[in-house]
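# Examination of the molecular architecture
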Amino acid sequence: MSETKEQRVLQFVLQNAIRGDPKSVIDNIDKYCSQREWAMNVGDQKGLILDNVLKESNPNTVLELGTYCGYSTVRIARLLKPGARFLTVEFNPAFAAVAKQIIEFAGLKDKVQVIEGNTQDIIPQLKKKYEVDKLDFVFVDHWKDKYLPDTQLLEKCGLLAKGSVVLADNVITPGAPEFLKYVRTCGRYDCTNYPSFLEYMDERDALEKAVFRG
Ligand SMILES: C[C@H](C[C@H]1O[C@@H](n2cnc3c(N)ncnc32)[C@H](O)[C@@H]1O)NC(=O)c1cc(-c2ccc(F)cc2)cc(O)c1O
Ligand SMILES: [Mg+2]
């Protein structure tokens, strides 16, 4: 069976990165995806913004929606303090399999729980099945038309508290207009836009930080 792009990214990491070194995993994915095959990782420019917003938040409990190959998962996990909890949700089994291997190669297997499933099914299970009380930081990077319903679902499930940070990728390209309108006008979030560029391209993109007012 012919290899997928995601399997080629994994092979490149296994052959070129240093086992147990998250930065070399990140750098090699960026190298492959900027020089050989584009892939929908958050990338190094938006990744730096993600790093900084995450450091500011210094979270105990993190949720990522849309793992893909685990690039942002590695970026986040490498910055978490000991004892922090990090759950990431991916519904494509092939992508989840690649992500698990990349996370393990980076030496971060014990810091991340990869959950295979659909966010709309997993979010309502977080309190009881996954023993999550509140989420301090949520990185939203899955189907762009799911950003709004899943943010509202997080609210409904009582998973956000005063100060919870919701950071969304791709609010310009491909765009998440309904999500942006909601967080900026519903009165429950303090929003900040971080203009940047689409991963590995010159197209404009941005991250949006929405801090829950409680
Ligand atoms: C959606 C993907 C990311 C992943 O999310 C998983 N997923 C989805 N919905 C769910 C769910 N409901 N539950 C669990 N997992 C879920 C999926 O399987 C992908 O692995 N991301 C993107 O599509 C994406 C696309 C672009 C992009 C930009 C310009 C172009 F010309 C073309 C594409 C850039 C980006 O930066 C992205 O992030
Ligand atoms: Mg993205």
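Here the structure is a predicted model, which is why all the values come from computation and not from measurement.

### Some details on the overall build of the chain
Within the chain, the secondary structure is distributed over nine helices and seven strands. For the chain, the spread of C-alpha atoms along the principal axes amounts to about 50 × 40 × 35 Å. Scored against the burial criterion, the 214 residues of the chain give a buried share of 55%. Counting only carbon and sulfur atoms, one obtains 50% of the accessible surface of the chain, whose full area is about 9,900 Å². In the chain, the 29 positive side-chain charges and the 30 negative ones have mean positions that sit 4 Å from each other.

### Quick look at the pairing of strand β6 (residues 189–197)
Side chains on a regular strand alternate between the two faces of the sheet. Pairing of β6 with strand β7 (residues 204–212), which is carried by nine bridges, proceeds in the antiparallel orientation. Of the residues in β7, the one forming a bridge with N193 is E208. From the end of β6 to the start of β7, which pair antiparallel, there are six residues, and Y200 there has a positive phi angle of about 60°.

### Quick look at the coordination of the magnesium ion (ligand 2)
Binding of the magnesium ion (ligand 2) to the protein goes through D141 (OD), D169 (OD) and N170 (OD1), at separations of 2.0 to 2.2 Å. Between consecutive donors of the magnesium ion (ligand 2), the numbers of intervening residues give the motif D-x27-D-N. Of the two residues, D141 is situated in the loop between β4 (135–140) and α7 (147–156) and D169 in the loop between β5 (160–168) and α8 (171–175); the sequence distance between them amounts to 28 residues. Of the residues examined, D141 reaches a relative accessible area of 12% and is grouped as buried. Taking the relative accessible area as the measure of exposure, D169 reaches 0% and is therefore buried.

### Here's the deal with the packing of helix α1 (residues 5–16) against helix α2 (residues 22–35)
Between α1 and α2, the least distance of the axes is 9 Å, while the angle of their chain directions is 130°. Classed by the angle they form, the pair α1 and α2 counts as oblique. Regarding α1 and α2, the two cross each other, and that crossing is right-handed. On α2, the residues that touch R8, V9, F12, V13 and N16 of α1 are V25, N28, I29, K31, Y32 and C33.

### Here's the deal with the nonpolar core
Of all hydrophobic cores here, the largest spans 44 residues; its most connected members are V25, I29, I76, I102, F137 and F139. When contributions to this core are tallied by element, the ones reaching two or more residues are α1, α2, α3 (43–57), α4 (71–77), α5 (93–105), β4, β5 and β7. The biggest single contributor to this core is α5, with seven residues. L87, I122, L153 and A210 belong to the second-largest nonpolar core, a separate cluster that totals 32 residues.

### Quick look at unusual backbone geometry
For the bond from T173 to P174, the omega torsion is 0°, close enough to zero to count as cis. Counting through the fold element by element, P174 comes out in helix α8. Phi angles above zero are rare outside glycine, and E131 is one such case at about 55°. Tracing the chain through its elements places E131 in the loop between α6 (119–122) and β4. A positive phi angle, close to 65°, is found at N170, a residue other than glycine. On the basis of relative accessible area, N170 is assigned to the buried category, the value being 3%.

### Considerations on the confidence of the model for the chain
When pLDDT is averaged along the chain, the result is 98; 100% of the residues meet or exceed 70. Here the predicted complex scores 0.99 on pTM and 0.99 on ipTM.

What counts and how
- Residues numbered from 1 in each chain as written.
- Chains lettered and ligands numbered in written order.
- Predicted model: local features only at pLDDT ≥ 70, side-chain atom pairs only at ≥ 80, totals over all residues.
- Heavy atoms only, no water.
- Helix = DSSP H or I, 4+ residues; strand = E, 2+ residues; numbered from the N terminus.
- Buried < 20%, exposed > 50% of the residue type's maximum accessible area, 1.4 Å probe, protein only.
- Areas by Shrake-Rupley, 256 points an atom, 1.4 Å probe, with all protein chains shown as cover.
- Lys, Arg positive; Asp, Glu negative; His and termini not counted.
- Charge placed at Lys NZ, Arg CZ, Asp CG, Glu CD.
- Pairing = 2+ DSSP bridges.
- Donors = N, O, S within 2.8 Å, 3.2 Å for Na, K, Ca; no water.
- Axes fitted to C-alpha atoms, helices over the stretch in contact; angles between N-to-C directions.
- Parallel < 35°, antiparallel > 145°, perpendicular 65-115°, else oblique.
- Left-handed = near helix turned anticlockwise from the far one by under 90°.
- Contact = heavy atoms within 4.5 Å.
- Core = buried A, V, L, I, M, F, W, Y, C linked by side-chain atoms within 4.5 Å.
- pLDDT = per-residue confidence, 0-100.

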